[in-house]
Structures are given as structure tokens and as C-alpha cells.
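# Fold and geometry: a report
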Amino acid sequence: MPQNTALPRLHLLLAIAVMAVWGTNFVVIELALTHLPPLWLATLRFACAFLPAAFFLKRPAVPVSNLAAYGILIGAGQFGLLFLAMKSYITPGLASLVVQIQVFFTIALSMRLTGERVRGFQWAALGLATSGLAVILTHSDGSATPLGLILVVMAAFCWSSANMVSRAAGKVDMLAYVVWASIFAVPPLLILALLFEGAPAFMAGVHAATATTWAAVVWQAVGNTMFGYGIWGWLLARHPAATVAPMALLVPIFGMGASALFLGEPLQSWKLLAAALVMGGLALSLLWPRFVQPISKIE
């Protein structure tokens, strides 16, 4: 008999909660960026993710080089670039959609490591997603600029590279792993913030910041990083990746929906078309093997 791979109800609710946190977090980022420069915001985010949690979580038994690589890729790479893009070059809703192409980068990097060849459905999935990005690029209403798309795509690549690094770490406490890796994100972000934004910009942001700004900073560390990555790692440790990974399709839905609801970001027909193409590509890439495998077993 075929094995039941469905998530138990509680686990399903937890997965949806993580997707809701990750999706709506793009609105939270926008609130924080109202007063804080992007690289300083990223620095604060990872400093708060490390302290005080590091006092309560034992450092995972992985090489320091692995923790450092993950922290730099996630910190200076994914979120440094993402925050820069969201400051002026792309809206939160579109950022939540475009960054999900990390799925294709992750698959490509994994195939490079294993020597597996790209299959037909994966080329089709990539074609759909790329068409969605082309739709975004051809509309110049200020929702996204070419630089914004490039920065978010680079952030997605850094995210996928970090996925490879964390996979190499083996089975570890993901919450402790993310917390201890966060300290390695702080030095490069701090240096970049000082070089490109300067201390005066940070001080001006601090003076202008409101309680909402600081709540958004704390949420980056506690909600998005500790709760989100902690629960996600917990789920991946208990269920096949093919069962859990498709839940990521909900992130752009929450992201674009929250941006429209709380920030008034318009959802024009071209945005919905772009979303359908990108998410269609993601769905094909993630779900096609699950439908084909049972058929091949029957045959």
C-alpha cells in the first residue's frame, strides 16, 4: 500500500503559520525600512537573533566554517541584498514572489553536487517562472526596477547556497544552528553598513524610529528567524522534504495579500499574471515528481 505522506493536522497548521510569518514579514520589513537604512537593519536583525538566545541554546556540533558560511550567505547575502532591494527598488509583494525562485537555484546546485541531469519538467518549470519575471520587468510603474529584480534574484541565489551549506551540516537543532550562525552575519553587515551608509545615517534612523520600527526589528529576529526557521527545521526533520517544501508556495500569497491589505500595494492584472507564472513554475517543479512517482510504480 502507498505510504501516507500527508502532514498531521497540527504539523500542517504549524507549516501554514510559518508561511504566514514569512509572507507577512515583507510588510514588517517595509515598516522597519521606513526609518532604518537597509544594511543597518540587517545588522540589527542578526545581532538580535544571536543575543540573548545564544545564552540558552548550545552551539551545534558542526564546524565553525559551516556556521560562518551559512551566516554570511543568509545575512550579508540573502537579507542584506533583499533589504537593499526593498528600500527603493521593488515592492514588498513582488519581492515575496521573486525571492521564491531560490527553489530553482537550490535544485540546480543540488544537481551539480549529485551529477543529476535536468529533466524536461524542470526546464518547463523554469520557463514558466522566467516568463513571470519577464512580465514584471516589462512593466515600469515603479513596482520593480531592473536593479531591484537583480538584487532579489541574487538574494535568492544566496539563500539557495545557504541551503546547501545547512544540508552539509547534517541533522542538527535548526533553531540553535540559525542562532549561532547569526553572529557571523553581523561583522560583514556592520562593515558594509559603515562603508556604504555611514554612522550618521544609522543615528538619524535611530532618532526617527518609532515603537513600531523597533517592534519590526525584534520581529525579524524572534518571529521570522527563531520561530520560522526553528519550526521549519523541526518539520523537515520529521517529514520528507517533498511533503514539506511545497508549503513554500503559500509565502507569495501571504506576501502579496498582506502588502495589498496593509500597505495598499495594488494588485494589477499583470502582477497576478506574473504571480501565476512564477508560482506555476514553482508548483510544477515541486509537485510533478509526487504525481509521476505513483504512476511509475503502478506501471
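Up top you'll find the structure we're talking about.
In this report, the structure presented in the accompanying data block is examined. Everything quoted here is computed from the prediction, not taken from an experiment.

## A few points about the overall build of the protein chain
Assigned secondary structure in the protein chain consists of 13 helices and 0 strands. When the helices and strands of the protein chain are placed in sequence order, the string is α-α-α-α-α-α-α-α-α-α-α-α-α. Taking 19 Å as the expected radius of gyration for a compact globule of 299 residues, we find that the protein chain reaches 19 Å, a close match to that expectation. Its C-alpha atoms give the protein chain principal-axis dimensions of roughly 65 × 50 × 35 Å. Taken across its 299 residues, the protein chain has 50% of its residues classed as buried. Sequence separation of 24 or more characterises 90% of the internal contacts of the protein chain that already satisfy a separation of 6 or more. When the accessible area of the protein chain is evaluated, it comes to approximately 14200 Å², of which 72% is carbon and sulfur surface.

## Things to note about the packing of helix α1 (residues 9–33) against helix α3 (residues 64–88)
Remark: α1 packs on α3, axes separated minimally by 10 Å, with the N-to-C direction vectors making an angle of 70 degrees. With respect to α3, the axis of α1 lies roughly perpendicular. Along its contact with α1, which presents F26, I29, E30 and L33, the element α3 presents L82, F83, M86 and K87.

## Some remarks on the side chain of S96
Locating S96 in the fold gives a position in helix α4 (residues 92–98). Since its relative accessible area comes to 0%, S96 is described here as buried. Apart from residues no more than four positions distant in its own chain, S96 is found in contact with F26, V251, P252, G255 and M256.

## Comments concerning the layout of surface pockets
If a probe as big as a water molecule is rolled over the atoms, it shows which places are left empty. Here the second largest pocket defines a volume of roughly 180 Å³. In this structure, the second largest pocket is lined by F104, I107, A108, M111, V118, Q122, W123, L126 and S285. Of all the secondary structure elements, the ones that give two or more residues to the lining of the second largest pocket are α5 (102–114) and α6 (120–137). With 4 residues, α5 is the largest single contributor of residues to the lining of the second largest pocket. Tallied by class, residues from the lining of the second largest pocket come to 7 nonpolar, 2 polar and no charged.

## Some points on the packing of helix α2 (residues 38–50) against helix α10 (residues 211–238)
As a packed pair, α2 and α10 sit with axes 9 Å apart at the nearest point and diverge in direction by 55 degrees. Taken together, the axis directions place α2 and α10 in an arrangement best described as oblique. For the element pair α2 and α10, the recorded crossing hand is right-handed. Along the contact surface, α2 presents L41, L44, R45, C48 and A49, while α10 presents W214, V217, Q220, A221, N224, T225, M226 and Y229. Of the residues belonging to the contact of α2 with α10, the class tally is 9 nonpolar, 3 polar and 1 charged.

## Description of the pattern of salt bridges
Summed over all chains, the structure comprises 1 salt bridge. A salt bridge links K271 to E265, with the nearest nitrogen and oxygen atoms 3.1 Å apart. With relative accessibility at 0%, the residue K271 sits in the buried group. With relative accessibility at 8%, the residue E265 sits in the buried group.

## Let's talk about α2
Its 13 residues place the ends of α2 19 Å apart at the C-alpha level, agreeing with the 18 Å of an ideal helix rising 1.5 Å per residue. On the buried face of α2, the contacting elements are α1, α3, α8 (174–196), α9 (198–208) and α10.

## Considering empty space enclosed by the protein
Within this structure, the stated rule accounts for 2 cavities of 30 Å³ or more. Roughly 130 Å³ of volume is contained in the largest cavity. Taken together, 13 residues form the lining of the largest cavity, with W22, F26, Q78, F79 and W159 sitting closest to its centre. Those elements that place two or more of their residues in the lining of the largest cavity are α1, α3 and α10. The element best represented in the lining of the largest cavity is α1, accounting for 4 residues. Quantified by volume, the second largest cavity comes out at close to 50 Å³.

## Quick word on the side chain of N25
Looking at the secondary structure, you find N25 in helix α1. Within polar-contact distance, the side chain of N25 engages the side chain of N224 at 3.5 Å. Once residues within four sequence positions are removed from consideration, N25 is found in contact with R45, W219, Q220 and N224.

What counts, and at which threshold
Residues numbered from 1 in each chain as written. Predicted model: local features only at pLDDT ≥ 70, side-chain atom pairs only at ≥ 80, totals over all residues. Heavy atoms only, no water. Helix = DSSP H or I, 4+ residues; strand = E, 2+ residues; numbered from the N terminus. Rg over C-alpha atoms; globule rule 2.2 N^0.38 Å. Buried < 20%, exposed > 50% of the residue type's maximum accessible area, 1.4 Å probe, protein only. Contact = heavy atoms within 4.5 Å. Areas by Shrake-Rupley, 256 points an atom, 1.4 Å probe, with all protein chains shown as cover. Axes fitted to C-alpha atoms, helices over the stretch in contact; angles between N-to-C directions. Parallel < 35°, antiparallel > 145°, perpendicular 65-115°, else oblique. 1 Å grid on protein atoms, 1.4 Å probe; cavity = no way out; pocket = protein on both sides within 12 Å on 5 of 7 lines; lining within 4 Å. Points joined across faces, edges and corners; volume = space filled by probe spheres on them. Nonpolar A, V, L, I, M, F, W, Y, C, P; charged D, E, K, R; others polar. Left-handed = near helix turned anticlockwise from the far one by under 90°. Salt bridge = Lys/Arg side-chain N within 4 Å of Asp/Glu carboxyl O. Expected span 1.5 Å × (residues − 1). Polar contact = N/O pair within 3.5 Å; in protein donor to acceptor, adjacent residues only side chain to side chain.

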